[in-house]
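Letter by letter, the chains look like this.
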Amino acid sequence: MVDLAEKEMDNPTFRSDTVLSDVHLHCPSKRHLMVRLNAAGQPVFLSHFKLLWSTEDLASGKHVREITTGREECRSGDELCDKDRSNVKKGELNSEGVEALLDDDGDLEVVRRPRSASDSEAEDLLRDIVCPVILMKGKEDAFEDEEQECTCSDVVKIEHTMATPLEDVGKQVWRAAFLLADYLLFKRDSFRCCSVLELGGGTGITSIIMGTVAKRVYCTDVGEDLLAMCEQNVTLNKHLMEPGGGEVKVKELDWLKDEFCTDPDAPYSWSEEEIADLLDHCSVIMAADVFYDDDLTDALFRTLYRITHNLRNSCTVYLALEKRLNFTLRHMDVTCEAYSHFRNTLNDLENLQDGKIKFTVEPIKLDFCQFLVYERIEQL
């Protein structure tokens, strides 16, 4: 966590009650356009997150490329990609192997980036510049080059904030949402034509990715301002879901209440038909990075039990989170209390014996390929 708040755009101040997601810091050379202020007066940014394959490839079931440990590899065969071939040419590897990379004195020749290198030269040296530039509203033309580079089928556009109080963290984009999205893309055949419920959907990025393969996704959260942002993101990315015929419905679901919101005057309420559709057909529930407050964790598991108990069919629940380490004065040590509480509550759910429903818990290995640009740290 970084305690950074923006009292004014040009006058950053430090506060103890503000949290900042660092996802955007790991998007090489990406720019984040400030598009508006939300109802709470917080700056809203539009960011482009590139998929490493297109929705056409998703529809055809073809893998294009993936992120591995630091380089791109082809999915078909063991041949080198064009990028790796160019690396070989630049290194001039020959039958003598590493000796070709040594100078006259036997020292290793290391290609370094000149201090005055231009962007094109830096790209030739395979060094990405990681420096997000915040563009103020009114400078949309600065995005023209980027718009031309990225096709509609391989970019997810997300409106989000960058620094909020703890109660508004759903308005930011968090790393575990990318992790879950990666898994959905990797196992996409398992989710085709499913009905899905997301708890704590936030900006909606995971639901949008799920919407490219599932039949229907109910993306839920609480707070009209947040849900409006989420619905805007769904609208921005409808073209990604059209090839598969999927849809994402943004709905209110408060974990602190025992019933669905059915008030017709509420903007994101449920109809009786939608509740019946969810309970009759939902087979997948998912949640990403929602375990940061013990009371909310307890409320989520109560909601999870209540909904699964009323489902007509068995259901698989996917939970993704980041284990955040913090130094606490109470323990005088680095701890992860929110994660520990989550694990204890999960164990209680697995050991539940009420004769009505049974839960089994299974961890998922993180050896599946990466399709979005973010830092997959070991704490995920």
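Residues numbered from 1 in each chain as written. Predicted model: local features only at pLDDT ≥ 70, side-chain atom pairs only at ≥ 80, totals over all residues. Heavy atoms only, no water.

Examining the overall build of the protein chain
Defined as follows: We count a stretch as a helix when DSSP gives it H or I for four or more residues in a row; a strand needs E for two or more, and each element gets its number in order from the N terminus. Burial classes: relative accessible area under 20% of the type maximum marks a residue as buried, over 50% as exposed, and values in between as partly exposed (1.4 Å probe, protein chains only). Here a residue-residue contact requires only that any non-hydrogen atoms of the pair lie within 4.5 Å. Under the convention used here, a 1.4 Å probe and the Shrake-Rupley method define accessible areas, while residue burial counts only the protein chains that appear.
A tally of helices and strands in the protein chain yields 11 helices and 17 strands. Burial statistics for the protein chain: of 380 residues in total, 43% are counted as buried. Long-range pairs, those at least 24 residues apart, make up 68% of the contacts in the protein chain with a sequence separation of at least 6. Approximately 21,100 Å² of the protein chain is accessible, and the part contributed by carbon and sulfur atoms is 48%.

Overview of helix α10 (residues 294–310)
As a reminder of what qualifies: In this scheme, a helix's expected span is set at 1.5 Å multiplied by one less than its residue total.
Between its terminal C-alpha atoms α10 stretches 25 Å, which fits the 24 Å expected from 17 residues at 1.5 Å a residue. Those residues of α10 not exposed but buried are T297, A299, L300, F301, T303, L304, R306, I307 and T308. For α10, the secondary structure elements touched by its buried residues are β11 (195–198), α9 (272–281), β14 (282–288), β15 (316–320) and α11 (337–350).

Here's the deal with the packing of aromatic side chains
In plain terms, the rule: The pairing test for Phe, Tyr and Trp rings, Trp by its six-membered ring, is centres within 6.5 Å, and the orientation test on the planes gives stacked under 30 degrees, edge-to-face over 60, and tilted for anything in between.
Enumeration over the complete set of coordinates arrives at 13 aromatic pairs. Ring geometry for F186 and F368: centres 6.0 Å apart, planes at 25°, overall stacked. One end of the pair, F186, is in helix α5 (residues 175–186); the other, F368, is in the segment after α11, with 182 residues separating them in the sequence. Owing to a relative accessible area of 32%, F186 belongs among the partly exposed residues under this scheme.

A look at the side chain of T308
As a reminder, the rule being used: Here a polar contact is taken to be a pair of N or O atoms separated by no more than 3.5 Å, where protein atoms must pair a possible hydrogen donor with a possible acceptor and residues adjacent in sequence count only if both atoms sit in side chains.
Among the structural elements, T308 can be located in helix α10. Of the polar contacts made by the side chain of T308, one reaches the backbone oxygen of Y305; its length is 3.1 Å. Each residue touching T308, except ones within four places of it in the same chain, is listed here: I285, I357 and F359.

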